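# Commentary on secondary and tertiary structure
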Amino acid sequence: MLEQIVIVGAGQAAVQAADTLRRKGFAGKITLIGEESWPAYQRPPLSKKYLAGSLATERLALRPPSFYSQHGIDLKLGCRVQEIARREQRVRLDDGSQVPYDALLLCTGSRPRKLPVDGLDLAGIHFLRTIADVDRIRAGFAPAKRLVVVGGGYIGMEVAATARELGLEVSILEMADRIMNRVTCPAVSDFYSMEHARRGVQIVCNARVRSFRGEAGSVRAVVTEGAKEYEADQVVIGVGVVAADELALAAGLECANGIVVDEYCRTSDAAIFAAGDCTNHPSPHYGRRFRLESVDHAFEQGTSAALNLLGIPTPHHKVPWFWSDQYDLKLVIVGLSHEYDTVVIRGDPSSRSFSACYLRGGELVAVDTVNHPKDQLAARKLIPAHARPQLERLADPAIALRDSV
Ligand SMILES: Cc1cc2nc3c(=O)[nH]c(=O)nc-3n(C[C@H](O)[C@H](O)[C@H](O)COP(=O)(O)OP(=O)(O)OC[C@H]3O[C@@H](n4cnc5c(N)ncnc54)[C@H](O)[C@@H]3O)c2cc1C
């Protein structure tokens with residue numbers, strides 16, 4: 001009989017799970033413990049509207065402040081869980097206090113990957129994960145200041161777009177031979193490179209950062225291999241994230257690029273579940289394991305975890321989707337395009353509304369849409385159905401994507 005559920009982390013997956021527990025009638029004690037000082041908030045605007053200064057901090061909240069007391073959720077903020085005592089079924093907090101649990105849900109998210117180079121501690125060098133990070137970054141933003149973004153993934157590209165619109169001089173240094181190479185095909189990378197370049201963003205690929213050079217404790221330049229220097233008043237590093245699984249690892253739970261869970265969000269300990277960015281979970285649709293970083297995934301897995309905790313078997317096997325906003329371009333990626341063998345571009349990228357459809361062995365596995373909600377909606381139906389489109393129909397933008405099968 002479950003009487004007390006403890007949720008570690010107070011982010012997207014955690015609040016979704018707590019909400020689901022109450023909605024499903026769980027009347028026992030719920031304790032939500034988060035190391036940040038804000039209750040659960042949306043991270044996507046951090047590299048977009050919030051960084052631009054056009055969204056107030058309160059608007060980021062995922063639930064109104066009254067939500068927690070109204071639902072009898074004991075919210076402990078600014079507290080880090082230091083240890084899980086599995087045998088005693090207790091977590092120990094950094095203030096020395098202990099909270100017992102019958103079931104524990106780990107929603108510890110992910111953390112920015114560090115760059116192991118000299119000069120990382122200079123003032124003006126930032127990572128971007130939290131409200132506090134963005135408040136620090138924005139304080140240094142002013143027109144004509146030079147911003148160097150290290151990493152041409154989503155977050156780096158979004159920061160570059162926002163900063164450029166605020167009038168900063170922006171350079172992006174990307175180690176690979178094209179931007180967003182981990183998630184999109186060359187045609188989509190090229191399109192985004194051109195969109196940034198025509199707004200004056202300098203994109204340098206094949207650029208491996210070797211160190212940061214400073215003066216009087218503040219960053220002045222980013223130095224790449226080959227001793228090339230890029231002058232900088234500020235640097236934002238966005239080179240990916242790693243799962244925040246150290247607590248689980250120390251407790252002896254199975255971890256491998258994230259906390260290993262089954263499709264019911266169960267870890268290797270029957271009393272401990274996990275959800276969100278921190279998990280390595282199976283995808284029956286793709287027949288392999290993944291670690292995902294997206295709002296949709298945190299929401300869906302947080303919901304499933306809560307239901308499974310309550311003994312309502314709910315496998316988590318939705319096809320994921322993700323979005324990125326850069327300038328007036330909305331990129332929505334439905335599914336996972338890893339190991340595709342064919343890509344079909346629907347429409348002309350110069351029209352700034354097109355899609356890239358990825359197939360493997362004839363099956364549609366993912367679709368990237370740029371300003372194309374119709375294709376996005378169709379993809380969300382076709383991919384879960386293992387659709388096998390006809391290539392000529394797929395390539396013809398006059399034929400609706402849903403009619404390409
Ligand atoms: C700048 C930015 C932009 C993004 N943009 C998009 C986007 O456009 N679209 C999209 O789909 N996704 C986007 N994402 C990703 C999305 O926000 C994450 O996938 C989502 O927040 C994951 O939710 P989560 O609950 O797993 O983790 P989080 O929201 O990261 O919450 C985890 C919380 O756990 C806390 N924690 C960790 N360890 C402990 C501990 N030991 N004790 C107590 N607390 C702990 C952390 O401090 C954190 O507050 C973006 C992320 C960032 C950073």
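Below, the structure is looked at part by part. (Residues numbered from 1 in each chain as written. Predicted model: local features only at pLDDT ≥ 70, side-chain atom pairs only at ≥ 80, totals over all residues. Heavy atoms only, no water.)

## Thoughts on the side chain of Asp296
Inclusion rule: A run of H or I in DSSP counts as a helix once it spans at least four residues, and a run of E counts as a strand once it spans at least two, with each numbered from the N terminus. Using a 1.4 Å probe on the protein chains alone, a residue whose accessible area is under 20% of its type maximum counts as buried, one over 50% counts as exposed, and one in between counts as partly exposed. When charges are tallied, Lys and Arg are placed among the positive residues and Asp and Glu among the negative ones, while His and the ends of the chain are skipped. Salt bridge, as used here: a side-chain nitrogen of Lys or Arg that lies within 4 Å of a carboxyl oxygen of Asp or Glu. In protein, a polar contact means a hydrogen-donor-capable atom and an acceptor-capable atom, both N or O and within 3.5 Å, with residues adjacent in sequence counting only if both atoms are side-chain atoms; elsewhere, any N or O pair within 3.5 Å suffices. Contacts were defined at the residue level, with two residues in contact if any of their heavy atoms lie within 4.5 Å.
Here Asp296 is to be found in helix α8 (residues 295-309). Buried charge without a partner: Asp296 forms no salt bridge, and the closest opposite charge is Arg380, 5.5 Å away. Side-chain polar atoms of Asp296 contact the side chain of Trp321, separated by 3.2 Å. Look past the residues within four positions of Asp296 in its chain and what remains in contact with it is Val319, Pro320 and Trp321.

## Some points on empty space enclosed by the protein
Rules: Using only the protein atoms, space was sampled on a 1 Å grid; points where a 1.4 Å probe fits but cannot get out form cavities, open sets with protein on both sides within 12 Å along at least five of seven lines form pockets, and lining residues are those with an atom within 4 Å of a point. Grid points are joined across faces, edges and corners, and a volume is the space filled by probe spheres set on the points. Any residue outside Ala, Val, Leu, Ile, Met, Phe, Trp, Tyr, Cys, Pro, Asp, Glu, Lys and Arg is labelled polar, Gly included; the first ten of those are nonpolar and the last four are charged.
Tallied over the full model, the rule gives one cavity of 30 Å³ or more. Within this model, the largest cavity holds a volume of roughly 100 Å³. Every residue lining the largest cavity is counted, 13 residues in all, and those nearest its centre are His281, Leu292, His316, Lys318 and Pro320. Among the secondary structure elements, those contributing two or more residues to the lining of the largest cavity are β20 (279-283) and α8. Looking at the lining of the largest cavity residue by residue, the classes come out as five nonpolar, five polar and three charged.

## Observations concerning the pattern of salt bridges
Using the criterion set out here, one finds 32 salt bridges in the structure. For Arg138, the salt bridge goes to Asp135, with nearest N and O atoms at 3.9 Å. Pair noted here: Arg138 and Asp135 are both in helix α4 (residues 131-139), with a separation of three residues, about one helical turn. Given a relative accessible area of 31%, Asp135 falls into the partly exposed group.

## Comments concerning the sheet that holds strand β9 (residues 125-127)
Just so we agree on the cut-off: Whether two strands pair comes down to DSSP finding at least two bridges between them. In this analysis an axis means a line fitted to C-alpha atoms, helices contributing only their contacting stretch, and an angle means the value between N-to-C directions, from 0 to 180 degrees.
With parallel pairing, five strands are arranged side by side in an open sheet as β9-β16-β10-β11-β12. Since the sheet does not close on itself, it has two edges, and those belong to β9 and β12 (202-204), each with one partner. Pairs of neighbouring strands in the sheet enclose a mean axial angle of 20 degrees, with direction left out of account. Inspection of the sheet shows β9 paired to strand β16 (residues 234-237) by three bridges, in the parallel sense. Within β16, the position partnered with His126 by the bridge is Val236.

## Quick word on the layout of surface pockets
Looking at the second largest pocket, its volume works out to about 310 Å³. Together, 20 residues line the second largest pocket, and Lys48, Lys49, Thr162, Asp325 and Tyr327 are the ones closest to its centre. At the level of secondary structure, the elements contributing two or more residues to the lining of the second largest pocket comprise α2 (49-52), α5 (154-165), β22 (321-326) and β23 (329-335). Of all the elements, α5 adds the most residues to the lining of the second largest pocket, at four residues. Of the residues in the lining of the second largest pocket, the class split is nine nonpolar, four polar and seven charged.

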